[in-house]
2 protein chains.
Amino acid sequence: MKQLSRRGFMQSAAFTAAALAARRSGAAPSGQPGDWSSDWAAQAVIDTRRSPFAKLHGVPVRAVTIHDGFWKSRREVNVETSLPTMHALLEEHGRMDNFRRLMGTSSAKQIGPYYSDSDVYKWAEAASWAQQSNPELFRANIDAIIHLLQGVQESDGYLNTYFQDDRKPQRMTDHAQIVGHELYNLGHLLQAAVAQYRATGDKRMLDCCIEFVDGFLIPGFGPEASKRPIVSGHPEIEMSLIELYRITGEPRYLKLAGYILEGDSRIPLTSDDIVYLYSGAPFTGRKRLEGHAVRAMYACCGATDYYLETGDAKYLATLTTLWDDLVRAQMYVTGGVGARRKHEAFGDDYELPNLTAYGESCAAIGNMMWNWRMLHATADARHADVIERALYNGINSGMSLSGTTYCYRNPLAYDPTASGPIRNPWYDTTCCPPNLERTLASLPGYFYSTGPDGLYVHLFHNSTLVWKLESGVPIKVEQATDYPWEGRVRMLVTPKEAAQFALHVRVPGWAKSARVTVNGTEVSGVNPGKYLELSRLWKPGDAVEMDLGMQPQMLVADRRVAEDQGKVAVQRGPIVYCAESIDQAGKSAPRELRVSADTNFSVQHDKDLLGGITVLEQAGQHISEQTAPDALYAAINSSSIGAANVRLIPYYAWANREPAEMAVWLDTAPTKS
Amino acid sequence: MKQLSRRGFMQSAAFTAAALAARRSGAAPSGQPGDWSSDWAAQAVIDTRRSPFAKLHGVPVRAVTIHDGFWKSRREVNVETSLPTMHALLEEHGRMDNFRRLMGTSSAKQIGPYYSDSDVYKWAEAASWAQQSNPELFRANIDAIIHLLQGVQESDGYLNTYFQDDRKPQRMTDHAQIVGHELYNLGHLLQAAVAQYRATGDKRMLDCCIEFVDGFLIPGFGPEASKRPIVSGHPEIEMSLIELYRITGEPRYLKLAGYILEGDSRIPLTSDDIVYLYSGAPFTGRKRLEGHAVRAMYACCGATDYYLETGDAKYLATLTTLWDDLVRAQMYVTGGVGARRKHEAFGDDYELPNLTAYGESCAAIGNMMWNWRMLHATADARHADVIERALYNGINSGMSLSGTTYCYRNPLAYDPTASGPIRNPWYDTTCCPPNLERTLASLPGYFYSTGPDGLYVHLFHNSTLVWKLESGVPIKVEQATDYPWEGRVRMLVTPKEAAQFALHVRVPGWAKSARVTVNGTEVSGVNPGKYLELSRLWKPGDAVEMDLGMQPQMLVADRRVAEDQGKVAVQRGPIVYCAESIDQAGKSAPRELRVSADTNFSVQHDKDLLGGITVLEQAGQHISEQTAPDALYAAINSSSIGAANVRLIPYYAWANREPAEMAVWLDTAPTKS
């Protein structure tokens with residue numbers, strides 16, 4: 001069934017009285033639906049505390065303090081350099097003037113694509129998350145943006161600088177919806193408003209959103225015959241409407257999200273459109289990840305949020321099918337997704353080229369966001385494995401170490417003579433930079449969740465959690481570790497008083513030799529890729545020590561990944577490595593190197609290189625083949641082979657020096673074992 | 001300039017009096033324009049004898065007799081098995097009944113796609129070429145087809161079983177032209193008619209064509225405001241109209257071809273259409289090979305034919321640009337073209353995947369046909385190199401050794417567990433089988449051409465040429481060789497009387513160590529990839545002996561071909577090799593093998609294997625990596641490496657036994673030199 005009738009939709013399980021009752025009876029650590037002025041400070045990145053089908057519930061960003069180490073320096077650069085320079089660039093490129101023009105305070109012309117407002121909103125969202133770690137940050141900037149919003153919003157609630165003024169007649173036409181990102185812009189405005197509310201309790205941006213949704217969108221658009229149809233076009237609105245529902249408790253926002261996830265057959269779309277847009281037809285009809293990768297990831301986010309609220313089994317079945325497709329056949333080893341430059345799209349299964357990989361930063365972030373939602377729906381650690389893979393590699397590569405330039409594409413091989421610069425300070429479609437910024441700013445919120453029986457530990461870093469269990473017992477967890485460079489993690493668990501609960505500690509899927517002790521006594525049942533459940537009477541000062549093991553691993557890809565045949569990727573802990581020609585003797589290109597599959601690496605931490613990285617080195621080979629120049633195919637005239645010290649750096653740190661050839665997947669020259 | 005105005009087109013150089021005069025003054029060994037009833041037996045596969053801008057002129061198929069060896073057995077299978085079984089399948093699948101239905105002699109419904117007539121025509125073309133080698137073949141079948149044509153053709157000349165009767169209203173609408181292949185069908189009818197005429201002098205099919213073109217097409221369609229526009233849709237009509245011009249000498253056919261090559265802006269096409277269709281916009285605006293590969297190749301054929309007649313420099317410049325794109329970045333080492341399954345299309349430059357290669361048989365044939373025309377325009381041996389590469393490999397692979405099954409796709413790597421059968425007796429779009437059949441049937445016509453100063457030898461095989469030089473001197477050339485298995489070729493040159501002329505002997509581009517003697521005396525100036533000009537007073541019985549050298553060669557691809565990095569292809573003479581798992585110890589998959597780049601192969605001819613092939617064997621390596629099952633990425637748990645005898649067979653002979661994994665590009669394990 002490709003298209004539910006609108007009537008069928010209205011009668012679907014999502015909106016039965018029983019479902020709504022289930023929602024209202026869900027665990028509610030604080031606050032109640034409708035009572036939404038009081039508990040903003042307790043709301044997590046997504047707030048599933050009252051979601052009846054959530055197995056886990058996040059903790060607020062502010063509950064976790066990141067101490068010295070890997071992420072602290074990245075997050076400092078984010079707030080000290082990236083967010084300020086991106087704000088300046090948004091100003092410089094007229095993104096704020098688009099608002100001022102409509103307010104009469106600027107004579108500049110409209111500039112930038114029709115989704116330019118969203119980049120301002122994503123910046124505001126990032127700045128808001130950052131305020132949870134430092135409330136003094138960006139207050140004036142956010143106030144100024146709120147001033148712009150209030151100044152531009154029309155009396156019926158509509159707000160979109162591209163479709164106001166002279167382009168008003170195009171507003172919410174079928175065409176504008178499909179290509180115009182009107183709901184996408186609103187979705188990012190909603191996410192900014194939600195983040196601002198959760199940071200400060202300030203409802204002014206939320207009020208703008210509610211005026212838009214209640215004043216303009218819901219009265220005019222929907223499945224009813226008296227209303228006009230809408231299509232998501234670029235999914236984003238779905239998950240943000242559901243967050244608005246979580247804050248307000250108003251079912252109409254969830255209902256609207258569900259309607260959008262179903263599509264509306266009154267808007268005719270070609271089958272190509274439906275693939276590309278990943279919207280416009282029932283989400284539950286999807287069989288695989290396809291089309292525009294960011295659209296698909298954001299649609300999956302919205303659909304998972306919808307499942308978390310409604311428990312609709314068709315949604316969970318579809319999401320499970322799509323997730324299997326992701327990890328079985330469509331995800332890069334970096335956690336990036338989207339194989340094709342054309343349409344920024346998923347490819348066929350196992351179509352994972354390296355040199356031409358698209359791997360948009362936003363798509364990797366979307367992958368993390370989706371898996372965060374799936375983790376809360378299932379409590380399955382495999383989702384946390386994907387989050388960690390994407391976070392440390394295919395997302396982290398997106399921002400330069402300086403914090404001033406960004407990758408739009410994150411390929412797994414690179415030839416600077418064939419491509420332009422991969423890191424740039426600005427893109428006219430500047431979706432990725434603020435997306436990276438909001439991810440780093442909200443990162444503390446991804447470390448822990450609570451469940452009915454205790455606490456889940458997802459990520460590792462020097463850090464302190466101060467929060468409370470769902471039983472109400474306050475708890476502090478102090479992590480001490482040099483993760484991801486070292487595998488030992490010490491967790492000091494301090495409930496306010498002795499309490500029986502389960503500490504679910506994630507054992508990463510790659511940690512095949514992981515060992516765990518509690519107060520010095522080794523525990524059994526340590527399974528990579530699962531949460532280790534430590535159920536006991538926890539007393540203040542109990543210590544969990546993990547040793548995850550950090551032996552470098554050689555990975556091979558499924559043989560159907562054509563470009564990776566005969567090649568290996570090197571991973572140590574969560575970090576995927578690559579070879580850059582700049583690090584090799586004679587600046588040899590990675591394609592001239594062969595690593596030995598059964599040779600140990602020397603592992604050296606170099607605190608002065610690339611912000612402090614652990615470098616892997618190995619006795620491999622260098623192969624040079626002399627052929628006729630400039631031929632597509634040329635006979636080898638002579639071939640020389642020699643020993644070579646192969647030097648690998650973390651993938652995320654590539655392209656931070658002079659332009660160089662890079663490859664993640666390397667040829668092997670196995671030596672006899 | 002994307003679109004010449006129609007007025008500009010009418011004034012272009014092609015139709016100035018000067019150009020027509022040049023045409024009429026061109027070398028005309030026999031016959032004159034308009035005098036087209038007499039010289040059919042002297043006409044080559046394409047008849048460039050009166051083409052003013054042709055440097056070479058082909059010889060008729062009947063002038064060359066293929067003796068024992070490589071192609072004789074393939075050609076015997078073609079006429080004894082392939083053509084009869086394909087005729088039976090065309091009957092079985094209702095392709096002839098489509099005609100009988102319209103004649104009232106069958107009650108069957110129309111069946112097959114809108115281009116089904118073309119498959120009947122291509123079969124008739126193949127059978128006609130075969131008649132030049134054996135006039136007794138297929139006479140009744142061809143008479144029966146002519147009977148169908150005459151029975152179905154309408155009074156205004158229109159003939160297309162799909163668009164007659166109930167679909168008549170759709171005829172020659174813009175949509176039907178673009179997707180309906182109406183001109184494509186006519187083009188193949190023309191090619192069949194031309195082949196039949198050149199085989200037998202029988203003009204009945206040609207008369208049908210002329211009625212269609214003169215009675216229906218030209219009166220109704222063209223650039224004039226009073227006529228309706230046309231678009232090629234699937235190029236094919238262009239080259240066939242020019243052959244009709246060559247036979248009849250009537251400029252209106254050349255003019256119509258030129259109009260179609262320009263496109264007509266009155267038919268609105270999207271930019272995607274113009275890429276995919278490789279028509280509908282000025283051919284001279286093309287910058288690269290793109291879109292549907294067969295369309296692109298056939299368009300290039302027509303454009304080269306157009307250049308051969310008009311000398312339009314813009315055409316030659318465009319063709320040169322496109323050819324450079326072909327050999328620099330878009331051709332497989334097998335001579336196949338078309339990287340993408342989607343739209344059966346060319347990819348980006350250097351996008352040459354192996355496992356997912358499309359490489360349609362028809363596209364490789366189109367490549368050969370285009371290069372045959374380019375060779376006649378330029379006398380540049382590089383075009384003959386491409387012809388030989390495609391012919392022996394990416395075309396030859398298209399037909400099974402049994403002659404009863406065909407490849408539509410010709411990938412360079414294969415996994416039978418992931419794909420269906422690669423060779424099939426029938427495709428509902430059965431374009432490739434009769435295309436392969438016409439290529440084998442016409443093959444003798446590709447061995448020689450004449451030029452003003454003598455004779456060109458393009459291909460090598462046991463064979464006898466009986467023809468005449470352009471000076472009028474009769475000449476016989478007898479080749480004795482075991483080519484392509486051995487590199488020694490002896491040519492006995494027997495002019496009827498001693499004559500001064502140049503024998504231009506092709507030295508293949510791969511023959512880096514070629515040596516040539518004339519009457520036992522070694523000659524200098526032997527350059528691979530060039531014609532060796534032997535200008536002398538040739539006397540009956542003079543002997544040219546070549547030794548082309550048959551040392552196996554390791555080829556590497558341009559580093560920008562991502563899937564081939566770190567891999568080699570093995571070629572010996574014109575034959576590209578592959579590894580099939582069935583030939584390896586333990587049926588090891590090719591991806592588990594490594595060949596040694598600097599090890600000699602043992603070269604053994606096995607007359608009982610796969611119709612008689614030369615097998616290459618080498619001491620290489622076998623690598624087995626044990627990992628977790630069923631993971632997209634898995635750490636290597638253990639790796640074992642051992643010596644392995646790597647056994648390679650010619651690529652064209654693959655998939656003639658039980659299903660097996662196959663690869664052309666193999667990993668290397670270089671040993672120190």
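Residues numbered from 1 in each chain as written. Chains lettered and ligands numbered in written order. Predicted model: local features only at pLDDT ≥ 70, side-chain atom pairs only at ≥ 80, totals over all residues. Heavy atoms only, no water.

Residue and element names in this part refer to chain A. Counting buried positions over the five residues of strand β16 (residues 553-557) gives five, a clear majority of the element. Across the two faces of β16 the burial is the same, with Q553, L555 and A557 and M554 and V556 all buried. Direction of pairing for β16 relative to strand β17 (residues 567-572): antiparallel, over a ladder of three bridges. Residue pairing in the sheet places M554 in a bridge with V570 of β17. (Buried < 20%, exposed > 50% of the residue type's maximum accessible area, 1.4 Å probe, protein only. Helix = DSSP H or I, 4+ residues; strand = E, 2+ residues; numbered from the N terminus. Pairing = 2+ DSSP bridges.)

Take the sheet that holds strand β8 (residues 463-468) of chain A next. All names here are of chain A. Reading across from one edge, β2-β8-β9-β10-β15-β12-β13 is the order of the seven strands in this open sheet, with antiparallel pairing throughout. Every other strand in the sheet has two partners, leaving β2 (64-66) and β13 (521-522) as the edge strands with one partner each. Bridging between strand β9 (residues 474-481) and strand β10 (residues 488-495) involves seven bridges; their strand directions are antiparallel. If you follow T481 over to β10, its bridge partner there is V489.

Another aspect to go through is the relation of the copies chain B and chain A. In screw terms, the move from chain B to chain A is a rotation of 180° and a rise of 0.0 Å along the axis, fitting with an RMSD of 0.0 Å. Given the turn and translation reported, the copies of this chain are related as if by a two-fold rotation axis. The position closest to the rotation axis in chain B is occupied by the C-alpha of E563 of chain B, lying 2.3 Å away. Most of the interface of chain B is mirrored in chain A: 100% of its interface residues are interface residues there too. (Least-squares fit on C-alpha atoms with pLDDT ≥ 70 in both. Contact = heavy atoms within 4.5 Å.)

The next thing to look at is the interface of chain B and chain A. Chain B puts 50 residues into the contact, and the matching count from chain A is 50 residues. Interface area, chain B with chain A, both sides summed: about 4100 Å², of which 57% is carbon and sulfur. Broken down residue by residue, the surface that chain B buries against chain A is led by R559, L632 and Y633 of chain B, which jointly contribute 19%. The tally of links from chain B across to chain A stands at four salt bridges. Those elements that place two or more of their residues in the side of chain B that touches chain A are α14 (313-330), β16 (553-557), β17 (567-572), β21 (613-627), β22 (633-650) and β24 (666-668) of chain B. Top contributing element to the side of chain B that touches chain A by residue count: β22 of chain B, with six residues. Classifying every residue of the side of chain B that touches chain A by side-chain character gives 26 nonpolar, 10 polar and 14 charged. (Buried area = accessible area lost by both parts, 1.4 Å probe. Salt bridge = Lys/Arg side-chain N within 4 Å of Asp/Glu carboxyl O. Nonpolar A, V, L, I, M, F, W, Y, C, P; charged D, E, K, R; others polar.)

Right, let's talk about the sheet that holds strand β11 (residues 499-507) of chain A for a bit. Residue and element names in this part refer to chain A. Read across the sheet, five strands follow the order β1-β6-β7-β11-β14 without closing on themselves; strand pairing throughout is mixed. In this open sheet, the two strands that pair with only one neighbour each are β1 (57-58) and β14 (530-538). Here β11 runs beside β14; their pairing, made up of nine bridges, is antiparallel. By the bridge assignment, F501 is partnered in β14 with R536. Lying on the sheet, helix α16 (residues 381-395) is in contact with β11 and β14; it crosses β11 at an angle near 50°. (Axes fitted to C-alpha atoms, helices over the stretch in contact; angles between N-to-C directions.)

Turning our attention to the pattern of salt bridges. Throughout the structure, instances matching the rule amount to 99 salt bridges over all chains. Close ionic contact of D349 of chain A with R288 of chain A constitutes a salt bridge, the shortest N to O distance being 3.0 Å. In this pair, D349 of chain A is assigned in the loop between α14 (313-330) and α15 (361-378) and R288 of chain A in the loop between α12 (271-277) and α13 (293-310), connecting sequence segments 61 residues apart. The partner of D39 of chain B in a salt bridge is R49 of chain B, and the shortest N-O contact between them spans 2.6 Å. Within this pair, whereas D39 of chain B is found in the loop between α2 (17-25) and β1 (57-58), its partner R49 of chain B is found in the loop between α2 and β1, the two being separated by 10 residues in sequence. No difference in accessibility class separates D39 of chain B from R49 of chain B, as the two residues are buried. Connected through shared salt-bridge partners, R198, E243, R246, D305, E309 and R373 of chain A make up one network.

Every α-helix winds through 3.6 residues per turn, so residues three or four apart in the chain are directed the same way. Residues and elements named next belong to chain A. In a regular helix each residue adds 1.5 Å, so 18 residues correspond to 26 Å; α15 covers 26 Å between its end C-alpha atoms and thus fits that length. Extensive coverage of α15 is indicated by the burial of 17 of its 18 residues. Positioned one or two residues after α15, A379 has a phi angle of 55°, which is positive. (Expected span 1.5 Å × (residues − 1).)

With that out of the way, let us pick up the packing of aromatic side chains. What the rule picks out here adds up to 56 aromatic pairs over all chains. When the ring of Y392 of chain B is compared with that of Y483 of chain B, the centres are 6.1 Å apart and the planes differ by 75°; the resulting orientation is edge-to-face. Residue Y392 of chain B is located in helix α16 (residues 381-395), and its partner Y483 of chain B is located in the loop between β9 (474-481) and β10 (488-495); the two are separated by 91 residues in the primary sequence. Taken together through their ring pairs, the aromatic side chains of F70, W71, Y392, F460, Y483, W485 and Y652 of chain A make up a single cluster. Directly above the aromatic system of Y162 of chain A lies the positively charged group of R167 of chain A, at a separation of 3.7 Å from the ring centroid. (Phe/Tyr/Trp six-rings, centres within 6.5 Å; stacked < 30°, edge-to-face > 60°. Lys NZ or Arg CZ within 6 Å of the ring centre and 35° of its normal.)

In this section: the environment of L352 of chain A. Structurally, the position occupied by L352 of chain A is in the loop between α14 and α15. In this structure, the C-alpha to C-alpha distance between L352 of chain A and R490 of chain A, residues 138 residues apart in sequence, is 38 Å. Those residues in contact with L352 of chain A that sit more than four places away from it in its chain are A329, Q330, M331, Y332 and V561 of chain A together with L632 and Y633 of chain B.

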